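Inside the fold
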Amino acid sequence: MRARAAAMFPAPVPRSDWSSRVVLLLLLLLCGSLQAAQAAKPKGPGQTHLNSIRIDGDISLGGLFPVHARGHDGKPCGELKKEKGIHRLEAMLFAIDRINNDHNLLPNITLGARILDTCSRDTHALEQSLTFVQALIEKDGTDVKCVGGGAPIITKPERVVGVIGASSSSVSIMVANILRLFRIPQVSYASTAPELSDNTRYDFFSRVVPPDTYQAQAMVDIVKAMRWNYVSTVASEGNYGESGVDAFIQKSREDGGVCISQSVKIPREPKQGEFDKVIRRLRENPNARVVILFANEDDIKRLLQAAKKANQTGHFIWVGSDSWGSKISPVVHQEEMAEGAVTILPKRQSIRGFDRYFISRTLENNRRNIWFAEFWENNFSCKLSRHAVKKGSGLRKCTNQERIGKDSNYEQEGKVQFVIDAVYAMAHALHNMQRELCPGKVGLCAKMDPINGTHLLKHIRRLNFAGIAGNPVLFNENGDAPGRYEIYQYQIQNQTAEYKIIGHWTDQLHLNASTMQWPGGGRHIPSSICSLSCQAGERKKIVKGMPCCWHCERCDGYQYQADTYTCKMCRFDLRPDVNHTACVPIPIVKLEWSSPWAVFPVLIAVLGIMATVFVVGTFVRYNDTPIVKASGRELSYVLLTGIFLCYATTFLMISTPDVGICSLRRIFLGLGMSISYAALLTKTNRIYRIFEQGSMSVSAPRLISPASQLAITFTLASVQLLAVCIWFGVDPSKAIIDYEDQRTSNPAMARGVLKCDISDLSLICLLGYSMLLMVTCTIYAIKTRGVPETFNEAKPIGFTMYTTCIIWLAFIPIFFGTSQSTEKMYIQTTTLTISVSLSASVSLGLLYMPKVYVVLFHPEQNVPKRTRSLKAVVTAAAMSNKFNPKAGLRPNGEAKTELCDSLETQTFSTKQTYISYSNHAI
């Protein structure tokens, strides 16, 4: 059995793939029935055979054309295809006639043909194409005996040396798997699936049209040129549709910038409502208006019908492959739905010679085309048989006087040029092969009987000739033609619909956008984008798996848009601009002299300085008067100096910070208060020691002289200076810009604060020593509150210290409670300066203004008084405490004994007086 099978088939191409084995098995099953049918039919020129056209010749070429559409309800074939079927078939016949009449091409060799109808179905085409290999199957006649004993006569079918076709890629793939087994070259005029470029699987396949990889690239370029980035795809099930969409998706990913919303596949045998379902799928994402179509003619037509049924006229923008091209049949009665569609077609020209040939065809002169009568009835809407005409059907009987292009519309189908070029490619390859194998001989020779398919394939791949339209016809190593496309748009102008060329593609796109017109006659390019462009200052947050879809996120806070996809933080000293597209310097602020926060403290300071200078001037003017002497001139001048420095500190706090100003702030902010409270502490301590000593002994305490008091005061004040000097050594003073102080949540309100490098903690430490002196002085003031007011300044000093404590107790919560406020710099500076000035004003007002008042307005009281010894003073104080022990409990030292009252009434007037005791002024 194996030997017999081997005898039936010539040595096939050495392939071990499963598809070849399946095809071999099918051949074994079908060859017997085909041969029987072959033997039962008579042969003759133009004779129909197995629903095919046969034209006798020295060399026969096969032809595969979709004369009919795919059948439904179990029928293999459906309605007639006028353009895609009949036009292309006639183009092959036209090319064969031209070649046979050309004495320079294949001289003395006549080309014949065997043309089959694929019915737009790959399985039917496979069955039909077995006709091409019958002649290669050797017949075993050993079992056949004739009655007379003679040898049996077995008619051998014509040998097909090459095949023109097929149209559909799925059909070409199916047929190519058979033809390669028998080394029969195949040249397609319309199959563009990228899969057919695989020279290891389809090594005997070539095509005069470019593969869909070029077409897909051209379609991607169109989509990008229109600024569309969100599209859907629709593919007919099969190699052409699926491979085309796959190529488009791959190219779009490689180029970037195009995303697929929906990828829908139309089944080979679509059920009722299938196209409605496809439209519903496409409508799920209304932003994806553009639909990429790699579908056959029938599916395109039914898809447009479904879109019209769904009332989607003008919504979808169709981008069709060469299967749509410039065909009329898909858009008949769907003009408005198809308006604006952009289609692509391999660059071609209308062949005028074919037009003359085709419009001259009649039923009389075209009997070789067995489907021409059916075309005639379809084209002229008539019936050839009287009995086929039914009443009310609207049909008439054909008169045979109808003429194509006159009594019916005619436009040359887009692939006619390529059909003719495919036939000529086969003819030129045979011509070159004949010249090589039969040099000097006209016609066929023994070396071309039979014709070697592998040798013929080599000549096909070497071709480079001018086609029927003048374009070069050539093939690359995979049998593919170069990519040259024309771009069409289906437009409706003045109620007339037509395909208009809007550009072309040859390695790159050339598009004339000004000639494009969209649904409704608009000129504005419709949008098909997933997401709108983000505004300035917004970054794109890409949706996972969809690089064309994104959410726009605002670069908020102190972020700026670094690039399309990134927000970055501005540098610490910068803030984003209004659009958050760049960073700009943060404005620098300081306390200005004109600010309301500065005017009030300055006013207090100016008045305080004027008052201090006035007091000092008064004291200097009346330096030797009893009141000035009694107040302790030396300590008074020191105290007034401290008060002056407290007022002067306000100007340092408001001045523009620099190294000098910051250094002066460190020195004088605490120094003025230290000097003031050191002097007051020395006074209260002296009073306390005198009267404390007097209660135990009549001897004078040590260090109560003016020189000693000054020494003590300067010693206490020098501690402040020493601490400041140490601070300078550890951390030199400098001015800084603090960008955190007023770094608000709203960047527009952010400010950089020019200030000295003194933190809140450093400020407290700076004032801490002064506060310590103040608290100590207050304690001594409380202790000396029981001393008779006629002998000391305890009461004014006590009031001064109590008031000062209240001021600074109020200062602390205000100062630290506003540390988070955006007005921190203003509030804290104003609070500090006012607190210092108020402290100085309290001391100045309570301690010196009464003295100045007496000196200036009551000079009669500023006279020398009786001088008593220290012993008398101490004795009087002791007696005061002895006779009135509750005096110590009276506030502010209001201790007046009867003895004191008696003494004072004898010596002084009823008004308060100041008494001097030798050099021991109290």
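Residues numbered from 1 in each chain as written. Predicted model: local features only at pLDDT ≥ 70, side-chain atom pairs only at ≥ 80, totals over all residues. Heavy atoms only, no water.

**Some thoughts on the overall build of the protein**
- Along its length, the protein carries 25 helices and 29 strands.
- By the burial criterion, 52% of the 922 residues in the protein qualify as buried.
- In the protein, the proportion of contacts linking residues at least 24 apart, taken out of those at least 6 apart, comes to 69%. (Helix = DSSP H or I, 4+ residues; strand = E, 2+ residues; numbered from the N terminus. Buried < 20%, exposed > 50% of the residue type's maximum accessible area, 1.4 Å probe, protein only. Contact = heavy atoms within 4.5 Å.)

**Examining the nonpolar core**
- Counting residues in each nonpolar core, the largest one holds 67 residues, and the members touching the most others are Met-92, Leu-111, Tyr-189 and Leu-430.
- For this core, the element with the most residues is helix H13 (residues 416-437), which contributes 14 residues. (Core = buried A, V, L, I, M, F, W, Y, C linked by side-chain atoms within 4.5 Å.)

**Structural notes on the sheet that holds strand E2 (residues 59-65)**
- With mixed pairing, 6 strands are arranged side by side in an open sheet as E1-E5-E2-E6-E7-E8. Of all strands in the sheet, those with a lone pairing partner are strand E1 (52-55) and strand E8 (205-207), marking the two edges. Here the strands of the sheet are splayed against their neighbours by 20° on average, with no regard to which way each runs.
- Pairing of strand E7 (residues 186-188) with E8 involves 3 bridges; the strand directions are parallel. Its bridge partner being in E8, Gln-186 is matched across the sheet by Phe-205.
- Those strands touched by helix H3 (residues 82-100) are E1, E2, strand E5 (111-117) and strand E6 (160-164), and its axis lies near 175° from that of E5.
- Where H13 meets the sheet, its contacts fall on E2, E5, E6 and E7, and the angle it forms with E6 comes to roughly 155°. (Pairing = 2+ DSSP bridges. Axes fitted to C-alpha atoms, helices over the stretch in contact; angles between N-to-C directions.)

**Regarding helix H8 (residues 274-283)**
- Taken together, the buried positions of H8 are occupied by Glu-274, Phe-275, Val-278, Ile-279 and Leu-282. Burial along H8 is one-sided: seen end-on, the buried residues are contained in an arc of 145°.
- Where H8 is buried, its residues contact strand E9 (230-236), strand E10 (259-266), strand E11 (290-294), helix H9 (297-309) and strand E12 (317-320). (Arc of directions from axis to C-beta.)

**As for the environment of Gly-521**
- Its place among the elements puts Gly-521 in the loop between strand E20 (509-511) and strand E21 (538-543).
- With 182 residues separating them along the chain, Gly-521 and Glu-339 place their C-alpha atoms 8.8 Å apart.

**So, a nonpolar patch on the surface**
- A cluster of nonpolar side chains, namely Phe-600, Leu-603, Val-606, Leu-607 and Met-610, defines an oily patch on the protein surface of about 480 Å² accessible area.
- Tracing the backbone shows Phe-600 in helix H15 (residues 596-621).
- Looking at Phe-600, the relative accessible area reads 46%, which means it is partly exposed. (Patch = residues over 30% accessible without salt bridge, like charges linked within 9 Å, V, L, I, M, F, W, Y side chains within 5 Å. Areas by Shrake-Rupley, 256 points an atom, 1.4 Å probe, with all protein chains shown as cover. Salt bridge = Lys/Arg side-chain N within 4 Å of Asp/Glu carboxyl O.)

**A closer look at the pattern of salt bridges**
- Applying the stated criterion across every chain yields a total of 25 salt bridges.
- Among the ionic pairs, Arg-54 bridges to Asp-56, the shortest N-O distance being 3.2 Å.
- Taking relative accessible area as the criterion, Asp-56 reaches 34% and is therefore assigned partly exposed.
- Each of the salt bridges in this network shares a partner with another, and the network as a whole consists of Arg-666, Asp-731, Lys-734 and Asp-757.

**Structural notes on the state of the cysteines**
- A full pass over the atoms with the stated rule returns 9 disulfides.
- Unpaired in this structure, Cys-805 has its nearest cysteine sulfur neighbour in Cys-777, at a distance of 8.9 Å.
- What makes Cys-805 buried here is its relative accessible area of 19%. (Disulfide = S-S within 2.5 Å.)

**A word on the packing of helix H22 (residues 824-847) against helix H23 (residues 849-857)**
- Close contact between H22 and H23 brings their axes to 4 Å; oriented N to C, the two are set at 40°. The angle between H22 and H23 places the two elements in the oblique class. Two secondary-structure elements touch here, H22 through Leu-844, Gly-845, Leu-846 and Leu-847 and H23 through Met-849, Pro-850 and Lys-851.
- Across the contact of H22 with H23, the residue classes break down as 5 nonpolar, 1 polar and 1 charged. (Parallel < 35°, antiparallel > 145°, perpendicular 65-115°, else oblique. Nonpolar A, V, L, I, M, F, W, Y, C, P; charged D, E, K, R; others polar.)

**Remarks on the packing of aromatic side chains**
- Scanning all chains against the criterion turns up 21 aromatic pairs.
- For the ring pair Phe-94 and Tyr-357, a centre distance of 5.3 Å and an interplane angle of 45° mean the geometry is tilted. Taken as a pair, Phe-94 in helix H3 and Tyr-357 in helix H11 (residues 352-359) lie far apart in primary sequence, 263 residues in all. Residues Phe-94 and Tyr-357 agree in their burial class; the two are buried.
- When the ring of Phe-372 is compared with that of Phe-375, the centres are 5.5 Å apart and the planes differ by 35°; the resulting orientation is tilted. With Phe-372 and Phe-375 both in helix H12 (residues 372-380) and 3 residues apart, the pair spans about one turn of that helix. Each member of the pair Phe-372 and Phe-375 is classed as buried.
- Aromatic rings pair up to connect Phe-94, Phe-354, Tyr-357, Phe-358, Phe-372, Phe-375, Trp-376, Phe-380 and Tyr-410 into one cluster. (Phe/Tyr/Trp six-rings, centres within 6.5 Å; stacked < 30°, edge-to-face > 60°.)

As far as function goes, none of this settles anything; it's purely spatial.
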